Amino acid sequence: MEVLVAGAGPAGLATAAGLAPAGHDVRVLERAPGLRRGGGAVTLTSGGTAALRALGVDVADLGRHLEVLDSRTDDGRPLMRVPLGDLGRRWGTPTTSVLRRTLLDRLAARLPDGSLVTGAAVEEVEPHRRRPVVHRADGASAAADVVVGADGERSPVRRCLRPGAVPARTGWTTWQGCSRVDHPLTGGDRVLFMTGPAGFCDLQPAGDGLLQWSFSTPPGALPASTPAGAAAAALRERFGGWADPVPDVLAAALGRPDDAAEGGPTGWDHRTAPVPAVWGAGAVTLVGDAAHVMPPSLGQGVNQALEDAHALAAALAVLPVGAATADVAAALRGYEARRARQVRPVAALAGSEQAITHRALSRGVMRSLPDAWALGLWGSMVRRSSAALAG
C-alpha cells in the first residue's frame, strides 16, 4: 500500500521503519528542514527495546544499558531500588538510555532512499475519502491508501479527526538538558530519581561522556514560558541544597550563581489527555503523542510510540495485497482498540503525576518495599503496556 506518515520523530520514523520492509511504499513528511536531533537522551524500557527489535533494529549496541533504578529523597535517603537489569535478562531486551539523535539516525537508516521528505508541513487531512488526502502548508496535496499522524501532542492530523481533543496542562513543568558532568553516574549503569517538596530530579548516563538531567517543578513554580537564564537561576535556587550529586550537576549544566555567561535549560509544560478507544477514522490513524499525550513522569512517551509502530505494522501485515478500503479501516480500528487498552492505564498514571509528587505517606510506603516487590510493580507496568512483550 501507499502510506503517508506525518512527522519524523521517533514515532514516525519507527512506523516507516516497520512498514517499508514489508513492501509498502512509505513517505515520511516532516515540517522541519531536517531531522530534529535535539532533546538529549531518552530511556527505553524493555518494552521499547523489544518493539525496536521486532521492527528489525539492533539494540545490542544501542545506548548505555541500565542495571538499576535508584530512587531517593532530596536529602539522599533511599526510597526504592528497581533492578532493571533483571528484567532485561528475563525478557531478553535491555533497558537503555540513548541519545535521541542516535535513535533517530538508527531508525532513519532503515528507510529507503527518498522516503523522508523534509520541509513538508502537514496542515490538514481529509479522512473520509476512499483514499484519504493530505494537504501541506506549501499547497501540495497527495492521496494515499493509509495516512498515519505521528505529528506530536499538537498534531494537526488529530485535530482533523477529533477537533475537540485538546490536551490539558497538568501544571508541572520539566527542564532538561544533557551535559558533561564529572561524576560516577555519567559513566555508570544507574538511573537516579530524587524527590522532595521542590520537585523531582532524574539523572542518568546518556553515553558519549554525557549525563542526561531533568528537573520537574510542581504547578505554578516555574512554567516553560520562563526565560532560560531566569529558569537556570531558579533551578539553582530550588534544587541547589539537595544531596549529592545534584549540586555538581547544577554547577556543570547551568553554571554557578556568579557566572557571567547566561545559559539555560529547555523547558516544557506537561500535558495529558484521556485515551479514547478509537482515535482514527477511515484509513487514517495516529501513533505516539498524537494518539495518547502523556507527561514524561514515567518516561513512557517514546516507548509507547515505538510500541504503536510495532503494533501498527503487525496489524497491516495480515492484510492481503489489494485489500479493500473497508478491510484497511477495520485493521486500523483493531490496532487502535488493542493499543488503547494497553496504553490507557500507564497514560492515566503518568497524567496523575503521582510518580513524581512528593508525599510523606508515599515515601514511607516506598521505603518499606523490598527490591523484588519494586521490580514486580515496575515490570508489571512495562509488560501490561507493551504490545511487543505481550507477543
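The rules behind these values
Just so you know, the residues in each chain are numbered from 1, in the order the chain's sequence is written. Since the coordinates come from a predicted model, pLDDT governs what is reported: local features require at least 70, and pairs of side-chain atoms require 80 or more to be given and counted, while whole-chain, interface and lining totals use all residues. Where side-chain values are given, they derive from all heavy atoms of the structure, hydrogens and water being excluded. Helix numbering and strand numbering both begin at the N terminus, where a helix is a DSSP run of H or I of at least 4 residues and a strand a DSSP run of E of at least 2. The size measure is the radius of gyration over C-alpha atoms, and the globule rule it meets is 2.2 Å times the number of residues to the 0.38 power. Here the term buried applies to any residue with accessible area under 20% of the maximum for its type, exposed to any over 50%, and partly exposed to those in between, with areas from a 1.4 Å probe on protein chains only. What makes two residues a contact is simply this: any of their non-hydrogen atoms within 4.5 Å. Accessibility throughout is a Shrake-Rupley quantity obtained with a 1.4 Å probe, and a residue counts as covered only by protein chains that appear here. All tallies of charge rest on Lys and Arg as positive and Asp and Glu as negative; His and the ends of each chain are not included. Note that the charge is assigned to NZ on lysines, CZ on arginines, CG on aspartates and CD on glutamates. The criterion is simple. A nonpolar core is a set of buried Ala, Val, Leu, Ile, Met, Phe, Trp, Tyr and Cys residues joined through side-chain atoms within 4.5 Å. Strands qualify as paired when DSSP identifies two bridges or more between them. Between the first and last residue of a helix there are one fewer steps than residues, each counted as 1.5 Å, and that sum is the expected span. We define the bend at each residue as the angle formed by axes fitted to the 7 residues ending at it and the 7 residues starting at it. Note on definitions: angles span 0 to 180 degrees between N-to-C directions of axes, and those axes are lines fitted to C-alpha atoms, for helices only across the stretch in contact. Per-residue confidence from the predictor is reported as pLDDT, a score between 0 and 100. Angles below 35 degrees are treated as roughly parallel, those above 145 as roughly antiparallel, those between 65 and 115 as roughly perpendicular, and all remaining angles as oblique. Note: crossing handedness is left-handed where the near helix turns anticlockwise from the far helix by less than a right angle, and right-handed where it turns clockwise. Classification used: nonpolar for Ala, Val, Leu, Ile, Met, Phe, Trp, Tyr, Cys and Pro, charged for Asp, Glu, Lys and Arg, polar for all others including Gly. Between Lys or Arg on one side and Asp or Glu on the other, a salt bridge is scored when a side-chain nitrogen of the former is within 4 Å of a carboxyl oxygen of the latter.

Once that is clear, we can look at the overall build of the protein. Counting secondary structure elements, the protein contains 12 helices and 18 strands. For the protein, the C-alpha radius of gyration of 21 Å lies close to 21 Å, the compact-globule estimate for 391 residues. In terms of overall dimensions, the protein has a C-alpha envelope of 60 × 45 × 35 Å along the principal axes. Relative to its full complement of 391 residues, the protein shows a buried share of 55%. Within the protein, residue pairs in contact and separated by at least 24 positions form 75% of the contacts whose partners lie at least 6 positions apart. Per element, the accessible surface of the protein, about 15,800 Å² overall, is 53% carbon and sulfur. Each charge class in the protein can be summarised by its mean position, and for the 40 positive and 37 negative side chains these summaries are 5 Å apart.

Right, let's get into the nonpolar core. Note on soluble globular proteins: their nonpolar side chains tend to be buried together. Ranked by internal contacts, the top residues of the largest apolar core, which has 93 residues, are Val26, Leu44, Leu52, Val82, Leu107, Val157 and Trp378. The residues touching Val157, leaving out its near neighbours within four places in the chain, are Ala6, Val122, Val125, Gly149, Asp151, Val284 and Leu286. Leu192, Cys201, Phe215 and Leu250 belong to the second largest nonpolar core, which has 22 residues in total.

So, on to the pairing of strand 5 (residues 68-73). Extensive coverage of strand 5 is indicated by the burial of 5 of its 6 residues. The pairing of strand 5 with strand 14 (residues 190-196) spans 6 bridges and is parallel. Bridge assignment links Val68 to a residue of strand 14, and that residue is Arg190. Here 4 bridges tie strand 5 to strand 6 (residues 78-82), and the two strands are oriented antiparallel to one another. Each residue of the ladder has a partner; that of Leu69, found in strand 6, is Val82.

Count 3.6 residues to each turn of an α-helix, and residues three or four apart come out pointing the same way. An ideal rise of 1.5 Å per residue puts 40 Å on 28 residues; helix 9 (residues 325-352) measures up with 39 Å between its terminal C-alpha atoms. The largest bend in helix 9 comes to about 40°, at Val343, with the proline Pro345 one to four residues further on. Remark: Glu353 follows helix 9 within two positions and exhibits a positive phi of approximately 65°.

So, on to the sheet that holds strand 12 (residues 146-149). Taken together, 5 strands build an open sheet; the order of strands is 8-2-1-12-18 and the sheet is parallel. The sheet is open, and its two borders are formed by strand 8 (116-118) and strand 18 (284-286), each paired with just one other strand. Across the sheet, the axes of successive neighbouring strands diverge by a mean angle of 20°, strand direction being ignored. The pairing of strand 1 (residues 2-6) with strand 2 (residues 25-30) spans 5 bridges and is classified as parallel. Across the sheet, the residue bridging to Leu4 is Arg27, located in strand 2. The strands that helix 1 (residues 10-19) touches are strand 1, strand 2 and strand 12; relative to strand 2, the one it contacts most, it runs at about 170°.

Per-residue pLDDT for the protein has a mean of 92; in total, 95% of the residues score no lower than 70. Long-range and interchain partners of residues 257-263, a stretch whose pLDDT sits below 50, account for 5 contacts in this model, where long-range means more than four residues apart.

Below, the discussion takes up the packing of helix 1 against helix 4 (residues 100-108). A pair of packed helices is captured by two measures, namely the crossing angle of their axes and the spacing between those axes. Closest axis-to-axis distance for the helix 1/helix 4 pair is 9 Å, and the angle between their directions is 25°. On the basis of the axis angle, helix 1 is roughly parallel to helix 4. Crossing angle aside, the handedness with which helix 1 passes helix 4 is left-handed. Taking contact as the criterion, the partners of Pro10, Leu13, Ala14 and Ala17 in helix 1 are, on helix 4, Arg100, Leu103, Leu104, Leu107 and Ala108. Residues that form the contact of helix 1 with helix 4 fall into these classes: 8 nonpolar, no polar and 1 charged.

Turning our eyes to something else, we now look at the pattern of salt bridges. Charged atoms that come close allow side chains of opposite charge to pair. One pass over the full model with this rule turns up 20 salt bridges. A salt bridge links Glu2 to Arg27; its shortest N-O distance comes to 3.3 Å. With Glu2 in strand 1 and Arg27 in strand 2, this residue pair connects regions lying 25 residues apart in the sequence. Between Glu30 and Arg36 there is a salt bridge; the shortest N-O distance is 3.1 Å. A cluster of three or more residues bridged by salt bridges with shared partners is formed by Glu2, Arg27, Arg131 and Asp145.

Let's shift gears to the packing of helix 2 (residues 46-54) against helix 8 (residues 301-317). Contact pair helix 2 / helix 8: the axes reach a minimum separation of 8 Å and the direction vectors enclose 30°. Between helix 2 and helix 8 the crossing geometry is left-handed. Between helix 2 and helix 8, the residues in contact are Gly47, Gly48, Ala51, Leu52 and Ala54 and Asn303, Leu306, Glu307 and His310, respectively. By residue class, the composition of the contact of helix 2 with helix 8 is 4 nonpolar, 4 polar and 1 charged.

Pairing is antiparallel across the open sheet formed by 3 strands, whose spatial order is 9-10-11. The open sheet has two free edges, formed respectively by strand 9 (122-126) and strand 11 (141-143), since each of these has just one partner strand. Across the sheet, the mean angle separating the axes of adjacent strands is 20° when strand polarity is ignored. Relative to strand 11, strand 10 (residues 133-136) is paired through 3 bridges, and the arrangement is antiparallel. Bridging across to strand 11, Val133 finds its partner in Ala143.

Take the environment of Thr95 next. Position of Thr95 relative to the elements: it lies in the loop between helix 3 (84-91) and strand 7 (96-99). Excluding residues within four positions of it along the chain, Thr95 makes contact with Thr43, Leu44, Thr45, Ser46, Arg64, His65, Leu66 and Leu84.

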